[in-house]
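Breakdown of the fold
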Amino acid sequence: EREVALRSALLRAAADRVRFRSGATGASARGSGNSLAPYERSHVFTRNSSILTLGSKGDGVAPRRRARLFHITDSHLCLTNDRPPDSTRMCNAFRSTRHETTGLRTTPAKEFEAALDWACGEGAVDAVLIGGDLVSFPSAQGVSWAVSAVSKACLGKAQIVFTSGNHDWMLEGQALREARGRPYDWQREVNLKGVLAPLLQLGDGSATAGQQ
């Protein structure tokens, strides 16, 4: 139920931000009167991505619009183990990976870049939804690299929506060591306002490549 609620919240956020393809005006969904309700949708899953197409049905006056949303989740990037020993286990968890289809050795960073290049190039999507666990732990270097990669591939081409997962804001070793009766997500607010802030700013266009 929680996962369904999070996905619904993500789609609502995307719908509020995404620019709909209208051919003539390129108007934004926000404040345009061309809402997504009621809307038609199609959802296509591939081995490593998900493409959701939303389209307003139109009311005989407003033109029908559509939006292509590209969903990336659980990339678990770790460029460097820059907060040892607290980050060591999660950083090492995805160091040795193979492509699901080809079986060739690859890395989460390489596949993330490839997904972005396709989505904001050939895929011509309206929005890229980064749905959590982008990084394996709250790493300033990892976040800076991700912001740079997203900006390089998609700046000016697609809207970006980022929602955090527990690994984005949780520094595992510290969480266990300093729990002291605190709630499970006691690190969330601190890291959303700190290390992860540049990713959240991608959604409003204020982030820049390499921002810390």
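Reference entry: report on the structure contained in this document.

Each value, and the rule that gives it
- Residues numbered from 1 in each chain as written.
- Predicted model: local features only at pLDDT ≥ 70, side-chain atom pairs only at ≥ 80, totals over all residues.
- Heavy atoms only, no water.
- Helix = DSSP H or I, 4+ residues; strand = E, 2+ residues; numbered from the N terminus.
- Buried < 20%, exposed > 50% of the residue type's maximum accessible area, 1.4 Å probe, protein only.
- Contact = heavy atoms within 4.5 Å.
- Areas by Shrake-Rupley, 256 points an atom, 1.4 Å probe, with all protein chains shown as cover.
- Expected span 1.5 Å × (residues − 1).
- Salt bridge = Lys/Arg side-chain N within 4 Å of Asp/Glu carboxyl O.

1. Topic: the overall build of the chain
Counting secondary structure elements, the chain contains eight helices and seven strands. Looking at the chain as a whole, 42% of its 212 residues are labelled buried. Here the contacts in the chain between residues at least 6 apart in sequence split such that 65% fall between residues at least 24 apart. Of the accessible surface of the chain, which amounts to about 11,700 Å², a share of 52% is contributed by carbon and sulfur atoms.

2. What about helix H4 (residues 140-154)?
With 15 residues, H4 extends 21 Å between its outermost C-alpha atoms, agreeing within 8% with the 21 Å of an ideal straight helix rising 1.5 Å per residue. Those residues of H4 lying buried are Gly 142, Val 143, Ser 144, Ala 146, Val 147, Ala 149, Val 150, Ser 151, Ala 153 and Cys 154. Here the buried face of H4 lies against helix H3 (108-119), strand S6 (127-130), strand S7 (159-162) and helix H8 (197-201). Just downstream of H4, Gly 156 is the residue with a positive phi angle, here 80°.

3. Focus on the pattern of salt bridges
In this structure the tally under the stated criterion is five salt bridges. With a shortest N-O distance of 2.7 Å, Asp 86 and Arg 177 are connected by a salt bridge. Of this pair, Asp 86 sits in the loop between strand S3 (66-72) and helix H2 (88-93) while Arg 177 is found in helix H6 (residues 172-177), placing the two residues 91 residues apart along the sequence. Here Arg 188 and Asp 185 are joined by a salt bridge, their closest N and O atoms 3.3 Å apart. Judged by its relative accessible area of 25%, Arg 188 is partly exposed. Residues joined in a network through salt bridges with shared partners are Asp 86, Arg 177 and Glu 178.

This is a description of form; function is not addressed.
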